[in-house]
Amino acid sequence: MASCLVMGGGLEPEAMAPAPEGMGWTAEEEPASLEKGLLPDEDSCSDCSSYDKAGTGLQSFVPEGKTLFPEIFQTSQLLFYERFRAYQDYILADCKASEVREFTAEFLEKVLEPSGWQAVWRTNVFEVLVEVTDVDFSGLKAVVRLTEPYLCESRLSSFTRECMNELLELKEHRLPLQELWVVFDDSGEFDQTALAVEHVRFFYQNIWRSWDEEEEDEYDYFVRCVEPRLRLYVFGYQKNSNIQAKGARGSGQKVTHVVSSAMMPGLLRSLLKDRLCQEPCEEETEIQFHSDPLSAINACYEGDSVIVCPGHYVVHGTFSIADSIELEGYGLPDDIVIEKRGKGDTFVDCTGADIKISSIKFVQHGAVEGILSIHRGKTTLENCVLQCETTGVTVRTSAELLMKNSDLYGAKGAGIEIYPGSNCTLSDNGIHHCKEGILIKDFLDEHYDIPKITMMNNVIHNNEGYGVVLVKPTIFSDLQENVQDETEENKALKIQTSGEVDAAEKVDLEELIQCATGKMELYASSDPLEPVEGNCEIVNELVAASTKKGQIKKKRLSELGIMQADVTLMSQEVFVSIVGNQFKWNGKGSFGTFLF
């Protein structure tokens, strides 16, 4: 048994060992709490044994509706200082971003039980009870087998034990630790195992960024990236998740908010003429004046509008827009600059049903999160400039973005991230000097939530990687190979190409691609010089991926004895239109795929 318990966010001081040289602590820098050792010496074993007998220090949690499933450890409610202490003192210390995996593996080797514990394996499709028989520390994975009795709940239909064993064999019985929830044990024996798995899960879900190894590979990774992101999640996301729309005022009155650092008579006359008194109206318009845009946004109710006059405004908080409002710059975007400083929250968070933003330049400095995140509802972005530092615009599942005549640049990640089930229309924009231009998140294993994408007349250029990149799960490639040749074992993973598709499937696939590209060819025919090569490549690959997803999934489910398949998949509109876009000087080309 791995000795000594992780309580709260770290390990008990009495049970700590001197950090190994790889952890990067000198004798002078070594935390006082490590004096007793991460692994106990002979004198400290009796202390650990007596504590074990006292029972667990953690709470249990009963999954809702899962009456047959055992209780699991409740570890998701750890406090900020508990997580902070664990990452700073025991897991990451002063490591580089490129050393995170190695340091995490070293930590797990010292605190994680290598076998003998049970966990619930959770995916988007099912939950199943498994037993851990070994741990692959370097891969951050657990080797598992199904329990006796077999317990499974699925959103599609019931997975038999044979079906699940076949799926585990495909994964070589190795599951990522972050997909496991440790089954509760009141003896205290598995407390630190549950907490260690929680720390790994929380880090890779909320802290780690795909560009960290390339952009942040310095020894102060914890100080520059981990701590501010942890603060953002605990004090930002959790706090902002409870923000509710105010709705309309009780009086029904709509207000126009005018933002100006100094209101001069000439500017006021222009506003009255151009914006405030354009047409005679039956009711008087209420006008409120503000010196900064953040206070104006916070004062808005449903249906209000904000007019930002020329100037350079510096803000330190987040624009959390939960109501349907209009945010408009009065002039050209280069004359209306809103700059966000500090390592806190996302610049603009949109959850309103219908939000319109126009003619403003947004600038990030010292940021750790994206410039604009659309969680739900529709956001229209027109004639704006987005100067990013981390990720650019994120369109979450079920959210909608209409972005036109805008310029986005400087993102260390993707300029635009499109999630499954979202609706994204991009027209006449420039997206450039980002790590990737547009990143389409994995939709191949997400309940058939295929994003609807319209891309027209955009110029996507000078990005470090691809102009457009599609993320695919490695398991999808596994399934493709398995469908093509079930007798060929241990075959190297690869991306499906048209030459390897069965003849009947290839005909169907080509017909669908021709249907999808037919609309694009109609648009392109009016101008024979229009650059359509990149557009065709994107349409072909995306339609092929979504089509093969349906074919392989249905076939796989049928082979596993699951007859209920999503019959609406093939009838969904896959991609609305990809027309007239130009791809220039992108480091890896116009389109690519990334396996994870």
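Residues numbered from 1 in each chain as written. Predicted model: local features only at pLDDT ≥ 70, side-chain atom pairs only at ≥ 80, totals over all residues. Heavy atoms only, no water.

### Some points on unusual backbone geometry
For the bond from Glu-148 to Pro-149, the omega torsion is 0°, close enough to zero to count as cis. Not every positive phi belongs to a glycine, and Asn-462 is a case in point at roughly 55°. Within the fold, Asn-462 resides in the loop between strand 32 (459–461) and strand 33 (466–472). One non-glycine residue, Trp-585, lies in positive phi territory at about 55°. (Helix = DSSP H or I, 4+ residues; strand = E, 2+ residues; numbered from the N terminus.)

### Overview of the environment of Asn-405
Structurally, the position occupied by Asn-405 is in the loop between strand 25 (399–404) and strand 26 (407–409). On a C-alpha basis, the gap between Asn-405 and Leu-381 in space is 8.5 Å, while along the polypeptide they are 24 residues apart. The contacts of Asn-405, once residues within four sequence positions are left out, are Glu-382, Asn-383, Cys-384, Ser-427, Asp-428 and Asn-429. (Contact = heavy atoms within 4.5 Å.)

### A few points about the packing of helix 3 (residues 100–111) against helix 5 (residues 191–207)
Look at helix 3 against helix 5: their axes get within 10 Å of each other, and the N-to-C directions meet at 165°. By the criterion of interaxial angle, the relationship of helix 3 to helix 5 is roughly antiparallel. For helix 3 against helix 5, the interelement crossing comes out left-handed. On helix 5, the residues touching Val-100, Arg-101, Thr-104, Phe-107, Leu-108 and Val-111 of helix 3 are Gln-192, Thr-193, Ala-196, Val-200, Phe-203 and Tyr-204. Classifying every residue of the contact of helix 3 with helix 5 gives eight nonpolar, three polar and one charged. (Axes fitted to C-alpha atoms, helices over the stretch in contact; angles between N-to-C directions. Parallel < 35°, antiparallel > 145°, perpendicular 65-115°, else oblique. Left-handed = near helix turned anticlockwise from the far one by under 90°. Nonpolar A, V, L, I, M, F, W, Y, C, P; charged D, E, K, R; others polar.)

### Concerning the pattern of salt bridges
Once their charged atoms are close, side chains differing in charge can pair, the charge on each being opposite to the other. Under the counting rule described, the total for this entry stands at 13 salt bridges. Salt-bridge contacts for Glu-328 lead to Arg-275; the nearest nitrogen and oxygen are separated by 2.7 Å. With Glu-328 in strand 16 (residues 326–329) and Arg-275 in helix 8 (residues 265–276), this pair connects stretches of sequence that are 53 residues apart. Since its relative accessible area comes to 19%, Glu-328 is described here as buried. The class of Arg-275 is partly exposed, set by a relative accessible area of 31%. Its salt-bridge partner being Glu-339, residue Arg-341 comes within 2.8 Å of it at the nearest N-O pair. Salt bridges sharing common partners tie together Arg-83, Glu-198 and Arg-201. (Salt bridge = Lys/Arg side-chain N within 4 Å of Asp/Glu carboxyl O. Buried < 20%, exposed > 50% of the residue type's maximum accessible area, 1.4 Å probe, protein only.)

### So, helix 2 (residues 80–91)
Taking 1.5 Å of rise per residue, twelve residues should cover 16 Å, and helix 2 covers 15 Å from first to last C-alpha, within 8% of that figure. In terms of burial, helix 2 is a largely internal element, nine of the twelve residues being buried. Every buried residue of helix 2 is listed here: Phe-80, Glu-82, Arg-83, Phe-84, Ala-86, Tyr-87, Asp-89, Tyr-90 and Ile-91. Directly beyond the C-terminal end of helix 2, a positive phi value near 50° is found at Ala-93. (Expected span 1.5 Å × (residues − 1).)

### Focus: the side chain of Asn-458
Position of Asn-458 among the secondary structure elements: in the loop between strand 31 (452–456) and strand 32. Looking at Asn-458, its side chain comes within polar contact range of the side chain of Asn-581, at 2.9 Å. (Polar contact = N/O pair within 3.5 Å; in protein donor to acceptor, adjacent residues only side chain to side chain.)

### Remarks on the pairing of strand 22 (residues 377–382)
Residues in a regular strand point their side chains to alternate faces of the sheet. In the sheet, strand 19 (residues 354–358) pairs with strand 22 via five bridges, with the strands oriented parallel. Bridge pairing in strand 22 places Asp-354 opposite Lys-378. Here strand 22 pairs with strand 25 via six bridges, running parallel. Note on strand 25: the bridge partner recorded for Lys-378 is Glu-400. (Pairing = 2+ DSSP bridges.)

### A closer look at the sheet that holds strand 14 (residues 311–315)
Spatial strand order, 14-17-20-23-26-29-32-35: eight strands in an open sheet with parallel pairing. The sheet is open, and its two edges are formed by strand 14 and strand 35 (582–584), each paired on a single side. Here the average twist between neighbouring strands, direction ignored, is 10°. Note: strand 20 (residues 361–365) against strand 23 (residues 385–387), three bridges, orientation parallel. Paired with Val-363 across the bridge in strand 23 is Gln-387.

### Examining the state of the cysteines
Throughout the structure, instances matching the rule amount to zero disulfides. With no disulfide of its own, Cys-388 lies 6.0 Å from the sulfur of Cys-434, the closest cysteine sulfur. On the basis of relative accessible area, Cys-388 is assigned to the buried category, the value being 6%. (Disulfide = S-S within 2.5 Å.)

### Focus on helix 5
Along its 17 residues, helix 5 runs 23 Å from first to last C-alpha, staying within 8% of the 24 Å computed at 1.5 Å per residue. Within helix 5, 15 of the 17 residues are buried, leaving the element largely enclosed by the surrounding structure.

### Notes on the sheet that holds strand 28 (residues 423–427)
Spatially, the ten strands line up as an open sheet ordered 12-11-13-16-19-22-25-28-31-34, and their pairing is parallel. Each edge of the sheet is formed by a strand with only one pairing partner; in this case those strands are strand 12 (286–290) and strand 34 (577–579). Adjacent strand axes in the sheet meet at a mean angle of 10°, parallel and antiparallel pairs treated alike. Alignment of strand 25 against strand 28, held across five bridges, turns out to be parallel. Among the inter-strand pairings, Leu-402 is bridged to a residue of strand 28, identified as Thr-425.

### As for the side chain of Asp-304
Note on placement: Asp-304 falls in the loop between helix 9 (293–298) and strand 13 (305–308). Classification of Asp-304 as buried rests on a relative accessible area of 1%. Of the polar contacts made by the side chain of Asp-304, one reaches the side chain of Arg-249; its length is 2.8 Å. Within the structure, the side chain of Asp-304 is placed 3.0 Å from the side chain of His-257, a separation counted as a polar contact.

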